[in-house]
Amino acid sequence: MRVRLLGAALVLTALLPSFAMAECVKAMPPDPATRPTKPTAPAKPACLDAKGGCPGWEAYTFNDTVKAYNLQIAAYRPLAEAYVKALNAYVKASSDYAQCEVKALQ
């Protein structure tokens with residue numbers, strides 16, 4: 001009886017490491033559809049570099065375009081930062097997964 005109990009304990013001890021080792025969690029990249037699109041900068045009118053400069057209406061139009069672009073960039077920045085944060089989390093999760101797989105082989 002005692003030998004049988006000792007044998008069962010040895011078998012259980014031999015099997016425990018495989019049960020105790022959790023399965024490695026695969027990393028999931030962020031959805032590419034969530035990647036924000038950077039707004040395009042407004043084209044500078046040729047008259048800005050000309051000697052006489054731009055006529056008033058063209059300068060005002062360009063100024064309004066730059067203001068609108070600045071608003072778009074302000075909205076884009078937090079979205080881009082969130083996407084970069086998700087990418088960095090993916091890199092970390094990939095590293096953790098690789099280390100888990102290496103440990104499973106040892």
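The structure presented is a predicted model; accordingly, all values stated were derived computationally and were not measured.

Participant: What exactly am I supposed to notice about the overall build of the protein here?
Facilitator: Per the secondary structure count, the protein includes two helices and zero strands. By residue count, 11% of the 106 residues in the protein fall in the buried class. Of all intrachain contacts in the protein linking residues separated by at least 6 positions in sequence, the fraction that spans at least 24 positions is 73%. Split by element, the accessible area of the protein, about 9000 Å² in all, is 65% carbon and sulfur.

Participant: Help me out: how do you make sense of helix α2 (residues 56-105) in this one?
Facilitator: Taking 1.5 Å per residue as the helical rise, α2 with its 50 residues ought to reach 74 Å, and the 72 Å between its terminal C-alpha atoms agrees with that figure. Largest kink in α2: about 25 degrees, centred on Tyr-76, with the proline Pro-78 one to four residues after it. Of the residues making up α2, those classed as buried are Tyr-69, Ile-73, Ala-80 and Tyr-83.

Participant: I would appreciate a short explanation of the state of the cysteines in the present structure.
Facilitator: Two cysteines whose sulfur atoms are joined by a covalent bond form what is called a disulfide. All chains considered together, the criterion is met by two disulfides. A disulfide bridge connects Cys-24 with Cys-100, and the sulfur atoms are separated by 2.0 Å. One disulfide, between Cys-24 and Cys-100, carries an S-S torsion of -85 degrees and so falls in the left-handed class. Separated by 76 residues along the polypeptide, Cys-24 in the loop between α1 (2-20) and α2 and Cys-100 in helix α2 bring together distant segments of the chain. Exposure remark for Cys-100: the relative accessible area of 24% places this residue in the partly exposed category. Put simply, Cys-47 and Cys-54 are joined by a disulfide, and their sulfur atoms are 1.9 Å apart.

Participant: For this particular structure, what's the right way to read the environment of Pro-78?
Facilitator: Mapped onto the secondary structure, Pro-78 falls in helix α2. Considering only alpha carbons, one finds Pro-78 and Pro-36, 42 residues apart in sequence, at a separation of 9.7 Å.

Participant: I would appreciate a short explanation of the pattern of salt bridges in the present structure.
Facilitator: Evaluated as defined, the whole model comprises two salt bridges. Linking Lys-44 and Asp-49 is a salt bridge whose minimum nitrogen-to-oxygen distance equals 3.5 Å. Owing to a relative accessible area of 59%, Asp-49 belongs among the exposed residues under this scheme. A salt bridge links Asp-96 to Lys-92; its shortest N-O distance comes to 2.9 Å.

Reading the values: rules and limits
Residues numbered from 1 in each chain as written. Predicted model: local features only at pLDDT ≥ 70, side-chain atom pairs only at ≥ 80, totals over all residues. Heavy atoms only, no water. Helix = DSSP H or I, 4+ residues; strand = E, 2+ residues; numbered from the N terminus. Buried < 20%, exposed > 50% of the residue type's maximum accessible area, 1.4 Å probe, protein only. Contact = heavy atoms within 4.5 Å. Areas by Shrake-Rupley, 256 points an atom, 1.4 Å probe, with all protein chains shown as cover. Expected span 1.5 Å × (residues − 1). Bend = angle between axes of the 7 residues up to and from the residue. Disulfide = S-S within 2.5 Å. Salt bridge = Lys/Arg side-chain N within 4 Å of Asp/Glu carboxyl O.

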